[in-house]
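Residue-level listing of the chains:
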Amino acid sequence: MSDEGRCVGGAGADVPRLCVLSARDIQQTLWDKGFLRVAAAFDCPIAADAIANDAVILNSDRDFGYIELATEGLLRQEYVAV
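Going along each chain's sequence as written, the residues are numbered from 1 onward. Totals for whole chains, interfaces and linings use all residues, but because this is a predicted model, local features are given only for residues with pLDDT of at least 70 and pairs of side-chain atoms are given and counted only at 80 or more. Hydrogens and waters are ignored; side-chain quantities use all the structure's heavy atoms.

S.K.: Just checking my understanding: could you explain the overall build of the protein chain for this structure?
M.R.: Assigned secondary structure in the protein chain consists of three helices and four strands. Helices and strands in the protein chain line up, N terminus first, as β-β-α-α-β-α-β. Split into buried and exposed, the 82 residues of the protein chain put 32% on the buried side. Segments assigned H or I by DSSP are reported as helices when at least four residues long, segments assigned E as strands when at least two residues long, and all are numbered from the N terminus. Type-normalised accessible area, obtained with a 1.4 Å probe on protein chains alone, sets the label of each residue: buried when under 20%, exposed when over 50%, and partly exposed for intermediate values.

Okay, structure coming up:
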């Protein structure tokens, strides 16, 4: 997945990198990568918010791991076993 046009900044150590993907972009990326039935309806908006706010999602839902793979690391998540 190319983030050209979706990310700005990140040129230096003190320049933050800002990336914005919509929930639709994330769902389309999942489909394009062959993850057709991975994310629930609410997973993509949560992932989009996390990417826009440079947040890490702590979860016990393996779907976010697939979203992380499909977005090539734009989404950061940690699986927490319950």
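Alright, that's what it looks like, and here's the rest.
S.K.: Sorry if this is basic, but what is going on with the pairing of strand 4 (residues 76-79) here?
M.R.: Both faces of the sheet carry side chains from a regular strand, because those side chains alternate between them. A strand pair is defined by DSSP finding two or more bridges across the two strands. Note: strand 3 (residues 56-59) against strand 4, four bridges, orientation parallel. Bridge assignment links N59 to a residue of strand 4, and that residue is Y79. In the classification by handedness, the crossover that spans strand 3, the intervening helix 3 (residues 63-70) and the parallel strand 4 is right-handed. With the strands pointing away from the viewer, any crossover whose connection runs clockwise from the first strand over the helix to the second is right-handed.

S.K.: What's the story with the packing of aromatic side chains in this structure? I'm lost.
M.R.: What characterises a pair of aromatic rings is the spacing of the ring centres plus the angle enclosed by the ring planes. For Phe, Tyr and Trp, rings pair up if their centres lie within 6.5 Å, where Trp contributes its six-membered ring, and each pair is then called stacked (planes under 30 degrees apart), edge-to-face (over 60) or tilted (otherwise). The final tally for this structure, using the stated rule, is one aromatic pair. We note R62 situated over the ring of Y79; from NZ or CZ to the ring centre the distance is 4.1 Å. A ring is scored as having a charge over it whenever the NZ atom of a lysine or the CZ atom of an arginine sits within 6 Å of its centre and within 35 degrees of its normal.

S.K.: Just to check I follow, could you spell out the packing of helix 2 (residues 43-52) against helix 3 for this structure?
M.R.: Geometrically, a packed helix pair is captured by the angle between its two axes and the distance between the axes. Angles here are taken between N-to-C directions and fall from 0 to 180 degrees, while the axes themselves are lines fitted to C-alpha atoms, restricted in helices to the stretch in contact. Taken N-terminus to C-terminus, the directions of helix 2 and helix 3 make an angle of 55°; their axes are 11 Å apart at the nearest point. The pairing of helix 2 with helix 3 is recorded here as oblique in orientation. In this structure, the crossing between helix 2 and helix 3 has a hand that is right-handed. Only D63, F64 and I67 of helix 3 make contact with helix 2, whose side of the interface consists of D43, I46 and A47. Considering only residue class, the contact of helix 2 with helix 3 consists of four nonpolar, no polar and two charged. Roughly parallel covers angles under 35 degrees, roughly antiparallel covers those over 145, roughly perpendicular covers 65 to 115, and oblique covers all other angles. Note on convention: the crossing is left-handed when the near helix lies turned anticlockwise from the far helix by less than a right angle, right-handed when the turn is clockwise. Two residues qualify as a contact provided that any one of their heavy atoms is within 4.5 Å of a heavy atom in the partner residue. Residue polarity follows a fixed list, in which Ala, Val, Leu, Ile, Met, Phe, Trp, Tyr, Cys and Pro are nonpolar, Asp, Glu, Lys and Arg are charged, and the others, Gly among them, are polar.

S.K.: Please clarify how a nonpolar patch on the surface should be interpreted in this entry.
M.R.: Taken together, the side chains of V56, L58 and V80 present a nonpolar region at the surface, about 270 Å² in accessible area. Looking at the element boundaries, V56 is found in strand 3. Note that patches include only residues with greater than 30% relative accessible area and no salt bridge, and the join distances are 9 Å for like charges and 5 Å for nonpolar side chains (Val, Leu, Ile, Met, Phe, Trp, Tyr). The method behind every accessible area is Shrake-Rupley, applied with a 1.4 Å probe, and residues are considered shielded solely by the protein chains displayed. Whenever Lys or Arg places a side-chain nitrogen within 4 Å of a carboxyl oxygen from Asp or Glu, that contact is recorded as a salt bridge.

S.K.: Just checking my understanding: could you explain the nonpolar core for this structure?
M.R.: In globular proteins that are soluble, nonpolar side chains generally tend to be buried together. I26, L30, A47, I51, F64, I67 and L75 are the most contacted members of the largest nonpolar core, which has 16 residues in total. Taken together, the elements giving at least two residues each to this core come down to helix 1 (23-32), helix 2 and helix 3. Here this core gets five residues from one element, more than from any other, and that element is helix 2. Discounting chain neighbours no more than four positions away, the residues touching A47 are I26, I57, F64, I67 and L75. Among buried residues, the Ala, Val, Leu, Ile, Met, Phe, Trp, Tyr and Cys ones that are joined through side-chain atoms within 4.5 Å form a nonpolar core.

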